[in-house]
Amino acid sequence: MSLRSPQKKPPFRQVFAVVSAVFVLLLWLSPLAGRSQAPPALAAAAQPGQLLRLEESLDAMGSTFTVTLYGDDGEKLEAAVEAAFAEVRRLDQMLSNYRPDSELSGINRLAAERPVRVTPELFDLLARCAEYSGQSQGAFDITVGPLMKVWGFYRSSGRLPSREEVALALRKVGYRKVLLNAADHTVRFAEPGVELDPGGIGKGYAVDRMVDVLRDNGIASALVSAGGSSMYALGSPRREGPGWEVKIRHPKDQRQTVETLLLRDQSISTSGSYEKFFEADGRVYSHIMDPRTGYPAPGMLSASVIAPTALDSEAWTKPCFILGRQWAARHKPKDFRVFLCEDRAEQPCAWLQ
């Protein structure tokens, strides 16, 4: 999914005293995803042993970022959230392929003609993407942009292209076409038509940076979510608690919970065919592209990955979704956990063993 910059909406906040709380984040993009509904703000003075709870949301990078945190100093909580949202806005200016003035758009516009010098931060992120591509045998590929456009997922809900259109777009895809020069932090494309699409890593990277900002501001308990698809659980909503409760819903029926778990100082990301798709000629086509074939990846409904960082978890959902259970069992990092829902009746949703 490409990153975009929708119209900003005012954040909302709730602050109230609680003795203990369990926050449940549903890893499902409901019809309300991307919309912020602002209830009246509530405030109460913290009593001894109690914590304040602050929750705010911001629309940026084509998603709704939500931060929920606990602490005993309301002003400190509010300042931390504002700093985290300022970081998201900064990253939107760097990574958006919808903003013509973003750093990434400058690469897409010029890198086929000459080397483009980029900031060390963006260069390091692109180098990480190249690593993910190599580890996943090309199933993760940040150059998938031409395919997203030909399939109509760039600014709309999808269309069925001809085989000739897919073949032409596929010629422009391939992570090896992105030439990185570490000596001078430049990026160049090996041929015209190559285009970077940050949809597979942008939200995860933003979540990680927000968590870094919260930590720098003295926050020890927070849940940061990007549209419900990538999140990081910092600490626990209770003092010395086991973590944040997360429920994974079934990709075909949001009323069903297929797994409940507790996360503490970990991330989880989910890629699902339900996020963006269309139907044509009796078939369902999702936005999750197999960059090796040029077609939407079949056979999987959703893939969830638990990893130390949201960048890792978001990037690894793509090869796990595209390449399937057997490949993931052989190649995933040992400290990662993978939960797959396959599109076949005999194989229910289950953790990778």
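Residues numbered from 1 in each chain as written. Predicted model: local features only at pLDDT ≥ 70, side-chain atom pairs only at ≥ 80, totals over all residues. Heavy atoms only, no water.

For the rest of this paragraph, the subject is the packing of helix 6 (residues 202–216) against helix 7 (residues 310–331). Relative to each other, helix 6 and helix 7 sit at 165°, their axes nearing to 7 Å. Between helix 6 and helix 7, the interaxial angle falls into the category roughly antiparallel. Like other packed secondary-structure pairs, helix 6 and helix 7 cross with a definite hand, here right-handed. Contact residues: helix 6 offers Gly202, Lys203, Gly204, Tyr205, Val207 and Asp208, while helix 7 offers Ala310, Leu311 and Glu314. (Axes fitted to C-alpha atoms, helices over the stretch in contact; angles between N-to-C directions. Helix = DSSP H or I, 4+ residues; strand = E, 2+ residues; numbered from the N terminus. Parallel < 35°, antiparallel > 145°, perpendicular 65-115°, else oblique. Left-handed = near helix turned anticlockwise from the far one by under 90°. Contact = heavy atoms within 4.5 Å.)

Disulfide: a covalent bond formed between the sulfur atoms of two cysteine residues. The final tally for this structure, using the stated rule, is one disulfide. With a sulfur-sulfur separation of 2.0 Å, Cys341 is cross-linked through a disulfide to Cys349. Around the S-S axis, the bridge from Cys341 to Cys349 shows a dihedral of about 120° and counts as right-handed. When its relative accessible area of 1% is taken as the criterion, Cys341 is described as buried. (Disulfide = S-S within 2.5 Å. Buried < 20%, exposed > 50% of the residue type's maximum accessible area, 1.4 Å probe, protein only.)

One open sheet holds the three strands; their spatial order is 5-7-6, and the pairing between them is antiparallel. Each of the sheet's edge strands pairs with one partner strand only, and the pair in question is strand 5 (116–117) and strand 6 (178–181). Sheet analysis places strand 6 next to strand 7 (residues 186–189), joined by four bridges and oriented antiparallel. Looking at strand 7, one finds that Asn181 is bridged to Thr186. Most of the contacts of helix 3 (residues 120–135) go to strand 6, to which it runs at about 130°, and overall it touches strand 6 and strand 7. (Pairing = 2+ DSSP bridges.)

Right, let's get into the pattern of salt bridges. Under the criterion given, the structure shown has 14 salt bridges. Of the charged contacts, one joins Glu131 and Arg128 as a salt bridge, the two residues approaching to 3.9 Å between their closest N and O atoms. With a gap of three residues between them, Glu131 and Arg128 both fall in helix 3, about one helical turn apart. Since its relative accessible area comes to 44%, Glu131 is described here as partly exposed. Among the salt bridges present, the one from Asp312 reaches Arg128, with a minimum N-O distance of 2.9 Å. Note that Asp312 is positioned in helix 7 and Arg128 in helix 3, a separation of 184 residues in sequence. Residue Asp312 is classed as buried on the basis of its relative accessible area, which comes to 14%. We classify Arg128 as partly exposed; its relative accessible area is 30%. Through salt bridges with shared partners, a single network forms among Glu87, Arg90, Glu121, Arg209 and Asp212. (Salt bridge = Lys/Arg side-chain N within 4 Å of Asp/Glu carboxyl O.)

Turning to the packing of aromatic side chains, a few remarks are in order. Throughout the structure, instances matching the rule amount to six aromatic pairs. Look at Tyr70 and Trp244: their rings are 5.9 Å apart centre to centre, the planes differ by 45°, and that puts the pair in the tilted class. A residue pair is termed long-range when its members are at least 10 positions apart, and Tyr70 in strand 4 (residues 63–71) and Trp244 in strand 10 (residues 244–250) qualify at 174 residues. Just as Tyr70 is buried, Trp244 falls in that class too. One aromatic cluster is present, built from ring pairs that chain together Trp316, Trp327 and Phe336. Above the face of the Trp351 ring, Arg337 is positioned so that its terminal group lies 4.0 Å from the ring centre. (Phe/Tyr/Trp six-rings, centres within 6.5 Å; stacked < 30°, edge-to-face > 60°. Lys NZ or Arg CZ within 6 Å of the ring centre and 35° of its normal.)

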